[in-house]
Amino acid sequence: MKRPGPVLTLLAGLVLGLFLLSLNATTGTKSASSSQVEAPAASTSPSPKSSATPSPSPTKTTASPTPSKSAPPNADYAGRTDDDSSAVAVSVRDGKAIAYFCDGHDKESWLKGDIEDDGTMKLTGKNGAELNGTLQSKRIRGTVDLEGQRYGFTADKAVKPSGLYRATATVRGALVDGGWVVLQGDGRDQVGIVNRDGEPSAAPDIDPETGAVTIDGEQLTAEPVTP
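Remember, it's a predicted structure, so these values are computed and weren't measured experimentally. (Residues numbered from 1 in each chain as written. Predicted model: local features only at pLDDT ≥ 70, side-chain atom pairs only at ≥ 80, totals over all residues. Heavy atoms only, no water.)

Visitor: Got a sec to walk through the side chain of Asp-177? Specific residues and values, please.
Guide: Mapped onto the elements, Asp-177 comes out in strand β10 (residues 174-182). Among the polar contacts made by the side chain of Asp-177, one reaches the side chain of Arg-166 at a distance of 2.7 Å. Among the polar contacts listed, one links the side chain of Asp-177 to the side chain of Thr-168, at a separation of 3.2 Å. Residues contacting Asp-177, with those up to four places away along its chain left out, are Arg-166, Ala-167, Thr-168, Ile-193, Val-194 and Asn-195. (Helix = DSSP H or I, 4+ residues; strand = E, 2+ residues; numbered from the N terminus. Polar contact = N/O pair within 3.5 Å; in protein donor to acceptor, adjacent residues only side chain to side chain. Contact = heavy atoms within 4.5 Å.)

This is the structure in structure tokens:
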């Protein structure tokens, strides 16, 4: 038998080489394809930071309290009517007032009521008597309506012993009720009435220092009047 020639051997080797090369190429392609399959990447995009600046809490506006008006100071006032026929005294305490109108003969009236923060007042008494006035700095200017007549008056701030006084007692079986307006000065300018069981008459003067007064032979003490 003849051995194959060199040419045949070379061709056989070449065919085998091409086969192996082709097989290797196919296998490598498949491996590459398999390795190229990747799991989908998870979305890890960070949440966008809020760029909005938080609004500051609204500041509460506290309204400034309206300053309250102070009540008129406690004081006493005394003066005469415009026609000089009568006297008027007013005592003010803690927003309340009491007043006395007197002509020194037979006409008088006790009045009382409130005084407003602005100094205005409306005081009332028996039988429809009425005092309307306004505190103006250190005096009261107003009117008194009594028995169908109106009396304008001015009462200045009183300095002791001026002011309003009253004495009440039973003297010789009669109820005695006396009222006095002590005007400015040394206390000797006075206007007053004493009622004996409702009968009015001119009152004797009181001692401006002590308030002592003698009525029908009996000594009484007139005290300052306040609301």
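Now that the structure has been shown, we can carry on.
Visitor: Before we move on, can you summarise the sheet that holds strand β7 (residues 139-146) with the specific residues and values?
Guide: Strand order in the closed barrel formed by eight strands is β1-β2-β3-β4-β5-β6-β7-β8, with antiparallel pairing between adjacent strands. Averaged over all adjacent pairs, the angle separating strand axes in this sheet is 25°, with direction ignored. As judged from the seven bridges shared by strand β3 (residues 96-102) and strand β4 (residues 108-114), these two strands associate in the antiparallel manner. For Ala-99, the partnering residue across the bridge sits in β4 and is Leu-111. (Pairing = 2+ DSSP bridges. Axes fitted to C-alpha atoms, helices over the stretch in contact; angles between N-to-C directions.)

Visitor: Tell me about the sheet that holds strand β12 (residues 199-202), and please be specific about residues and values.
Guide: Pairing within the open sheet is antiparallel, and its five strands lie in the order β12-β11-β10-β9-β15. Of all strands in the sheet, those with a lone pairing partner are β12 and β15 (223-224), marking the two edges. Summarising the sheet, strand β11 (residues 190-196) and β12 pair through four bridges and their orientation is antiparallel. Following the sheet pairing, Ile-193 is matched in β12 by Ala-202.

Visitor: Which residues make up the layout of surface pockets, and what values do they have?
Guide: Of the volumes computed, that of the largest pocket is approximately 460 Å³. For the largest pocket, the lining is made up of 16 residues, of which Glu-108, Ser-109, Trp-110, Lys-126 and Asn-195 are closest to its centre. No other element matches β4, which puts three residues into the lining of the largest pocket. Its residues placed into classes, the lining of the largest pocket shows four nonpolar, four polar and eight charged. (1 Å grid on protein atoms, 1.4 Å probe; cavity = no way out; pocket = protein on both sides within 12 Å on 5 of 7 lines; lining within 4 Å. Points joined across faces, edges and corners; volume = space filled by probe spheres on them. Nonpolar A, V, L, I, M, F, W, Y, C, P; charged D, E, K, R; others polar.)

Visitor: Go over the pattern of salt bridges with me, naming the residues and quoting the values.
Guide: Working definition: two side chains of opposite charge can pair if their charged atoms are close together. If you walk through the whole model with that rule in mind, you get eleven salt bridges. A salt bridge links Arg-166 to Asp-177, with the nearest nitrogen and oxygen atoms 2.7 Å apart. Here Arg-166, found in strand β9 (residues 163-171), pairs with Asp-177, found in strand β10; they are eleven residues apart in sequence, far enough to count as distant. By relative accessible area, which is 29% here, Arg-166 ends up partly exposed. Salt bridges sharing common partners tie together Arg-80, Asp-84 and Asp-189. (Salt bridge = Lys/Arg side-chain N within 4 Å of Asp/Glu carboxyl O. Buried < 20%, exposed > 50% of the residue type's maximum accessible area, 1.4 Å probe, protein only.)

Visitor: So what about the nonpolar core? Which residues, and what values?
Guide: Membership of the largest hydrophobic core comes to 21 residues, with the highest contact counts inside it found for Val-90 and Leu-131. Elements with a minimum of two residues in this core: β1 (75-81), β2 (87-93), β3, β5 (120-125), β6 (130-136), β7 and β8 (149-157). Filtering out sequence-adjacent residues up to four positions away, Leu-131 remains in contact with Val-88, Val-90, Ala-99, Leu-111, Met-121, Lys-122, Leu-123, Thr-143, Val-144 and Phe-153. (Core = buried A, V, L, I, M, F, W, Y, C linked by side-chain atoms within 4.5 Å.)

Visitor: Talk me through the environment of Pro-72; I want residue IDs and the actual numbers.
Guide: The topology assignment puts Pro-72 in the loop between α1 (6-35) and β1. The exposure class of Pro-72 is buried, given its relative accessible area of 9%. For the pair formed by Pro-72 and Ser-137, sequence separation is 65 residues and the distance between their alpha carbons is 9.7 Å.

Read these as layout, nothing more, since geometry by itself doesn't imply function.
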